[in-house]
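Chain by chain, the residues:
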2 protein chains.
Amino acid sequence: MNKRIGRFHVLTDLRFQQRFSHAELACLAAQGGADTIQFRQKSGSVRNMLAEAKRAASVCRDRGVPFLVNDRLDVALACRADGIHLGQQDFPVREARRILGPEAIIGGTVTTVEEVLAMQEAGADYVGFGPVFPTTSKDNPAPVKGVTNLAQVCKAVRIPVIAIAGISLERIGPVIRAGAHGVAVMTGVTTAENPARAARAFREELDAVITGYSD
Amino acid sequence: MNKRIGRFHVLTDLRFQQRFSHAELACLAAQGGADTIQFRQKSGSVRNMLAEAKRAASVCRDRGVPFLVNDRLDVALACRADGIHLGQQDFPVREARRILGPEAIIGGTVTTVEEVLAMQEAGADYVGFGPVFPTTSKDNPAPVKGVTNLAQVCKAVRIPVIAIAGISLERIGPVIRAGAHGVAVMTGVTTAENPARAARAFREELDAVITGYSD
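The rules behind each value
Residues numbered from 1 in each chain as written. Chains lettered and ligands numbered in written order. Predicted model: local features only at pLDDT ≥ 70, side-chain atom pairs only at ≥ 80, totals over all residues. Heavy atoms only, no water. Least-squares fit on C-alpha atoms with pLDDT ≥ 70 in both. Contact = heavy atoms within 4.5 Å. Salt bridge = Lys/Arg side-chain N within 4 Å of Asp/Glu carboxyl O. Helix = DSSP H or I, 4+ residues; strand = E, 2+ residues; numbered from the N terminus. Buried < 20%, exposed > 50% of the residue type's maximum accessible area, 1.4 Å probe, protein only. Pairing = 2+ DSSP bridges. Axes fitted to C-alpha atoms, helices over the stretch in contact; angles between N-to-C directions. Phe/Tyr/Trp six-rings, centres within 6.5 Å; stacked < 30°, edge-to-face > 60°. Lys NZ or Arg CZ within 6 Å of the ring centre and 35° of its normal.

**Thoughts on the relation of the copies chain A and chain B**
Reasoning step 1: Placing chain A over chain B gives an RMSD of 0.0 Å and needs a rotation angle of 180°, together with 0.0 Å of translation along the axis. When the rotation and shift are considered jointly, the pair of chain copies conforms to a two-fold rotation axis. Measuring from the rotation axis to each C-alpha of chain A, the shortest distance belongs to Asp74(A), at 2.4 Å.
Reasoning step 2: Of the interface residues in chain A, 100% have counterparts in chain B that sit at the interface too, so the contact is made through matching surfaces.

Take a look at the structure:
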């Protein structure tokens, strides 16, 4: 199986803005060039979450953009998501694989080389490593890892590493050159005045760095 | 398919006692005669919840007692639970059925005749109706329904109605005579000095009322 893991993940989370719904953010991000949408909702009722996730999943299906759900496997199943993104305290990857099957995209957040290797061993399709840079969107963020640790992790594993936390336009070059497959962005897109335009800027920088034109 | 719905559901919830784990409570309750265990954990990490649920599920399998998980379908799938118990703000019954399949026991909490009928229509195997009596184990309980409303609901549906909230030994007679199939008990068992003995007392009273000896 050859699962294509996106290079530009946008997380739809409503904690830092309420102008747009998950589906609207997914649409705007995809319009700007996001190639993976991760639906993240940590509060409110499951029934509401499911309704939101279904609308966002539908937008992503229409656009052919992989749609991942954060944490809740049951919501991922119900909205026929393409996969799941798991934290260290969420479902173990093996259990998730057993429930979602071999075709699902399963990734997770890791903060150490040990966790990266364990997640690869458990069958994850990608890892999100970080926080590479300081972030304001977590209440108790783990210590910042920096680009050096990112490079170490990228060397240690075969699966794609997505750099997370504090990713700005200027930081795309350094993280890609450190070996990251791509980046995950939340507020950099969702709280931008024009999310589609913000996503487009990330996409262009990413493409430029990857194809080496900006090196 | 003929799913046997238990008459004496015990909810394992650790908010009101921490002497016993879910698995221990399940064991003690089953020992006392509980014929359904509902695992309920509303806080903490999913990883921890899953580990606890697996241990409790294993105890129930060993004893041949149906094991239901509250709210989380993914946890129910991962620990191979017999079914799920859903609140009005959890997964809709139809979605749950689609994910868990026809053999799963699916029930849910309802507080009005309309909700009961909707849940029956959606394919639930049973409903938990209440609060029949005042309860201290919910922060914002719905208004108390009383035995008269319980009787009305029991007449309105074909599926078994389990009376919930404030169920004491003396109240088993009235709720069963009102048409309830059985009762769900939490603190009445879990915070009792001797949970197995407390469960035994409920079981005996229930059996006595059902077979008419105490009428």
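That shown, we press on.
**Remarks on the pattern of salt bridges**
Reasoning step 1: Evaluation of the coordinates by the stated rule reveals 22 salt bridges over all chains.
Reasoning step 2: For Arg72(B), the salt bridge goes to Asp71(A), with nearest N and O atoms at 3.5 Å. With Arg72(B) in the loop between β3 (67–70) and α3 (73–78) and Asp71(A) in the loop between β3 (67–70) and α3 (73–78), the pair connects residues from two separate chains.
Reasoning step 3: Accessibility expressed as a relative area gives 12% for Asp71(A), which makes it buried.
Reasoning step 4: With a closest N to O distance of 2.9 Å, Asp125(B) and Arg97(B) form a salt bridge. Of this pair, Asp125(B) sits in the loop between α5 (113–121) and β6 (126–129) while Arg97(B) sits in helix α4 (residues 93–100), placing them 28 residues apart in sequence. For the pair Asp125(B) and Arg97(B), one class covers both residues: buried.

**Re the sheet that holds β3(A)**
Residue and element names in this part refer to chain A.
Reasoning step 1: The parallel closed barrel is built from eight strands, whose spatial order is β1-β2-β3-β4-β5-β6-β7-β8. Strand-to-strand twist of the sheet, defined as the mean angle between neighbouring strand axes without regard to direction, takes the value 25°.
Reasoning step 2: Where β3 lies against strand β4 (residues 83–86), three bridges are found, and the strand directions are parallel. Each bridged residue has a counterpart across the sheet, and for Leu-68 the counterpart in β4 is Gly-83.

**Describing the packing of aromatic side chains**
Reasoning step 1: Summed over the entire model, instances satisfying the criterion amount to four aromatic pairs over all chains.
Reasoning step 2: Here the guanidinium or amino end of Arg171(A) rests over the ring plane of Phe133(A), the centre of that ring lying 4.2 Å away.

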